[in-house]
Every structure is written in C-alpha cells, then in structure tokens.
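Each chain is listed here by its residues.
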Amino acid sequence: MDILSEEAVHTPQWQAEHYPVMLATYAVDISERMGVDPAIPTWQMIGLLAGALPDFHRIQVTRNGMWKESARLWVGIVGNPSVKKSPPLTELCGPINEIERQWYDEWLMQYARYQQDLKIFKALEAKAVKARVAGEQDVEMPTPPTEPVQRRMLVTDVTVEGLCRITRDNPHGVISLQDELSGFFGGMDAYRGNGVSKDRGDWLKSFNGGPHRVDRAQRHTYIENWSTCILGGIQPEPMRAIAKNLKDDGLLQRFLFIAAEDAGPYNDEPPRPELTAWWADLLRRFTQVSLGGQEYELTLDAQEAMREAHREITRTAINPDYDPRLQTALQKGEGIFSRLVLLFHCI
C-alpha cells in the first residue's frame, strides 16, 4: 500500500490472527463499543507498549550478535476526522496516566526529603568551610544529596530541548504523543528561524537510540539513551502534501503508517473488565521489568524465519515500480519487523 502516491489509499483488511490474542481481542472490543476500525486501537496499543517496554530489552537479530534492536516504533494512524482516533486513545492512556500519577507522587515525597537533606548539607558545608578557614584542614567536606529524577512515560507538545532534559532522566525511553502529526512535521525548527534543520536530525537519531551529547554555550548534557517512540494521527491529504515537500532524509520513512476506515455503528456497551484489567496489568508489567534490560536470542527455526522475512522485505523494496520514497521506507522494514517480533514476544 503506497500512501505516498496521489492515488486513493487502499485500506488492507484487519486480521486478528496477525496479532497477539489478547491484544486483538481488546481491539475488537473497543471497535465494537466505539464503532472504530479495529486497526486503530490495535496500533495505538502497539505504539504505547513499544514505549512502555524499557529500551534495554533487545532482540539479537543475527546469530553473530552484532545486530540488536529495541522495541522502538513510530506509528501514525492515517484517516479522516471521521475515523475517531481520539476515543480509543483516551481509554488506552488511562492506565498510563495512573502510573505516571503514582510516579509523580513518589517523586514529590523524594523531592521533599531531598530539600530537607539539602538544607542539612548546606549547614554542614558552611560549618566545614568555616572550620577549614580557622585552620582545621582535616575536616571533611560533606557529600551533597542526590536530586531525585522524575520518571516519565508520555510527553506531549515537547521541544527537542525539553526532550533532552526528560530523556536524560529516563534512559528507558519515552513516548511522544502527537495529536496531529502534520503539526509535528511542520513544527520542525519552528523557533530557530535560521533555516537550520537540527531538530530533524535530533529526531532521526532518537529513532535509533543510544548515547547523545548536547553541547550548548553554557552547559553540556550527556544522555545515556536518546530514544523516543512516536504515536500520532494524520489525515491523508496533509500527509501527501508533507511527503511531497518534506526533505528526503528518511524521517517520514521511519513511520509505520496505518490506514484506517471511517467509523461505523457502535453498541455503546461498557468495557469488558477482564480486558481493561489485562491492559492495565500489561502496562504495569512492562514498566516494572528490570531497567537493566534483557537480551532475547532467536531459536534456530526463528532465525531462519527471520531471514526469510528479511529476504521478502528486500525483494519488495527493490521493486522498480515503487516510488523511491516507498522503497526507502521498505528498506527499513527489516529493523522494524525485528522490533515488532520483540514486542509481540514480550506481550
């Protein structure tokens, strides 16, 4: 499906067997209750889970161990306003908001203790300095307390500068929610005014993760893992206009674009408790797994299946009938497919 062409978008049929059982079941439940294409909640869940799973969990794609991928994804839901992208996302973000509220409350308590310890430290420091001035050189200087960091999962309407501060404190990675991806693409370097496309380069780097250094006139920041998942929506016509004018540096091709059908009838039933509980428990499990990470190795059969999938992706990518921009997107399919394998395994 070439969503970059001028022709009408063909929406492939959503098939439950392509996804983990519980995820597909919950997607169908949301679809029937809200009257939305099941592809919308399916890929919203996938995008949120990709950001919830710490980046230090990686899949070893090749036997030699040189190629490893984290479950870092950029997902864009393509559809007119009538597809109703927001209602499913509001429900799905509910448990994440609860998790972040708990993190914030914990941070408030930690920060209050830090402020108390800082006051004590400053008093001890002043006393030690005074003693040294008086000639007591053997007086030890006190150790300052460590300021607590605020753990985050979701960011919205964030600048690259703000993202630097957040990812510095959250090396597990975060999710950037973009209500309208057209604004995300159009807002690149909006505050610079000098034609420099540094924001775009920073976002491109965040797709791959890894160390990142930010050097400014007054400060230097080292970020252990410059990593961001993106989840947003966009309408077909603005997307085509953006694709036509956007610099061909691979930014657009990093996205998994999901074409959604218009909304239909809904049954207005309450959510099934066992499904909402499964979703909330899964998110908590993902956020509570070891931040130290884990590496997953494929079995021999899985390695062969992975190689065959990669070969098929390559054969498709070199099709001369495809737009070069689509070929570039497909060439990134090997890594994205590997990331999906890791995520589905963890689900």
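The text that follows walks through the structure, step by step, so that each part is easy to find. Computed from a prediction, not measured in an experiment: that's the story for all the values here. Within any chain, residue numbers begin from 1 and follow the written order of that chain's sequence. Per-residue local features of the predicted model are confined to residues with pLDDT of at least 70, and side-chain atom pairs are confined, for both listing and counting, to 80 or more; whole-chain, interface and lining totals are unaffected and use all residues. Based on all heavy atoms of the structure, the side-chain values leave hydrogens and waters out of the count.

## A word on the nonpolar core
So, point 1. Take the buried Ala, Val, Leu, Ile, Met, Phe, Trp, Tyr and Cys residues and link them wherever side-chain atoms come within 4.5 Å; each set so joined is a nonpolar core. Three labels apply to residues, based on accessible area from a 1.4 Å probe with only protein chains included: buried if under 20% of the type maximum, exposed if over 50%, partly exposed otherwise in between. Within the largest apolar cluster, 80 residues are counted, with the highest numbers of intra-cluster contacts made by Trp43, Leu48, Leu73 and Trp279.
So, point 2. Apart from residues lying up to four places away in sequence, Leu73 is in contact with Ile46, Ala50, Cys229, Ile230, Leu256, Ile336, Arg339, Leu340 and Leu343. Two residues qualify as a contact provided that any one of their heavy atoms is within 4.5 Å of a heavy atom in the partner residue.

## Some remarks on the sheet that holds strand 2 (residues 68-70)
So, point 1. In spatial order, the strands read 2-1-10; together these three strands make up an open sheet with mixed pairing. Across the chains shown, the open sheet's two edge strands, defined by having one partner strand only, are strand 2 and strand 10 (294-297). Here the strands of the sheet are splayed against their neighbours by 30° on average, with no regard to which way each runs.
So, point 2. When DSSP finds two or more bridges between two strands, those strands count as paired. For the purposes of this entry, the term helix denotes a DSSP run of H or I that reaches at least four residues, the term strand denotes a run of E that reaches at least two, and both are numbered from the N terminus. Summarising the sheet, strand 1 (residues 57-60) and strand 2 pair through three bridges and their orientation is antiparallel. In the sheet register, Gln60 faces strand 2, and the bridge partner there is Lys68.
So, point 3. Angles run from 0 to 180 degrees between N-to-C directions of axes, and those axes are lines fitted to C-alpha atoms, restricted for helices to the stretch in contact. Sitting on the sheet, helix 11 (residues 333-346) is in contact with strand 1, strand 2 and strand 10, with an inclination near 60° to strand 2.

## Considering helix 1 (residues 21-34)
So, point 1. Expected span of a helix: the number of residues minus one, times 1.5 Å. The end-to-end C-alpha separation of helix 1 is 20 Å, in line with the 20 Å expected for 14 residues at 1.5 Å each.
So, point 2. Where helix 1 is concerned, the buried positions are Leu23, Ala24, Tyr26, Ala27, Asp29, Ile30, Ser31, Arg33 and Met34.
So, point 3. Of the surrounding elements, those touching the buried residues of helix 1 are helix 2 (39-52), helix 3 (86-133) and helix 8 (273-288).
So, point 4. Looking one or two residues beyond helix 1, the residue adopting positive phi is Gly35, at roughly 75°.

## Overview of the packing of aromatic side chains
So, point 1. Here the aromatic set is Phe, Tyr and Trp, taking the six-membered ring for Trp, and pairing holds for ring centres within 6.5 Å; pairs whose planes are under 30 degrees apart are stacked, those over 60 apart are edge-to-face, and all others are tilted. Counted under the stated rule, the structure contains 16 aromatic pairs.
So, point 2. Each ring, one from Trp107 and one from Tyr111, has its centre 5.2 Å from the other, and the planes form 25°; the classification is stacked. On the criterion of helical spacing, the pair formed by Trp107 and Tyr111 is a turn pair, its members being four residues apart in helix 3.
So, point 3. Of the residues examined, Tyr111 reaches a relative accessible area of 26% and is grouped as partly exposed.
So, point 4. A positively charged side chain is recorded as over a ring if its NZ (Lys) or CZ (Arg) lies within 6 Å of the ring centre. The angle to the ring normal must also be within 35 degrees. The ring of Phe207 carries Arg339 above its face, with NZ or CZ at 4.3 Å from the centroid.

## Comments concerning the pairing of strand 1
Two faces, one strand: in a regular strand the side chains alternate between the faces of the sheet.
So, point 1. With four bridges connecting them, strand 1 and strand 10 associate as parallel partners. The residue of strand 10 that forms the bridge with Gln60 is Glu297.

## Observations regarding a nonpolar patch on the surface
So, point 1. Each patch is assembled from residues with relative accessible area greater than 30% and no salt bridge, linking like charges that lie within 9 Å and nonpolar side chains (Val, Leu, Ile, Met, Phe, Trp, Tyr) that lie within 5 Å. In this description, accessible areas are obtained by the Shrake-Rupley approach with a 1.4 Å probe, and a residue is regarded as covered only by the protein chains that are shown. A pairing counts as a salt bridge when a side-chain nitrogen of Lys or Arg comes within 4 Å of a carboxyl oxygen of Asp or Glu. Together, Val129, Val133 and Met141 line one region of the surface with nonpolar side chains, adding up to about 260 Å² of accessible area.
So, point 2. Tracing the backbone through its elements, the reader meets Val133 in helix 3.

## Focus on the packing of helix 9 (residues 300-317) against helix 11
So, point 1. Contact pair helix 9 / helix 11: the axes reach a minimum separation of 9 Å and the direction vectors enclose 145°. The interaxial crossing formed by helix 9 with helix 11 has right-handed handedness. Every residue of helix 11 that contacts helix 9 at Met306, Ala309, His310, Ile313 and Thr314 is listed here: Gly333, Glu334, Phe337, Ser338 and Val341.
So, point 2. Of the residues in the contact of helix 9 with helix 11, the class split is five nonpolar, four polar and one charged. Working rule for handedness: look at the near helix, and if it is turned counterclockwise from the far one by less than a right angle, call the crossing left-handed; if clockwise, right-handed. The residue classification treats Ala, Val, Leu, Ile, Met, Phe, Trp, Tyr, Cys and Pro as nonpolar and Asp, Glu, Lys and Arg as charged. All others, Gly included, are polar.

## Considerations on the side chain of His310
So, point 1. On the secondary structure map, His310 appears in helix 9.
So, point 2. Taking the relative accessible area as the measure of exposure, His310 reaches 9% and is therefore buried.
So, point 3. With residues near it in sequence (within four places) discarded, His310 still touches Val61, Trp67, Glu334, Phe337 and Ser338.

## What about the pattern of salt bridges?
So, point 1. Going through the model one piece at a time under the given rule, you end up with 14 salt bridges.
So, point 2. With a closest N to O distance of 2.9 Å, Asp55 and Arg72 form a salt bridge. Remark: Arg72 occurs in the loop between strand 2 and strand 3 (74-78) and Asp55 occurs in the loop between helix 2 and strand 1; sequence separation between them is 17 residues. Both residues of the pair, Asp55 and Arg72, count as buried.
So, point 3. Arg272 is the salt-bridge partner of Glu274, the closest N and O atoms lying 2.8 Å from each other.
So, point 4. A single salt-bridge network, built from bridges that share partners, covers Glu304, Arg307, Glu308, Arg311, Glu312 and Arg315.

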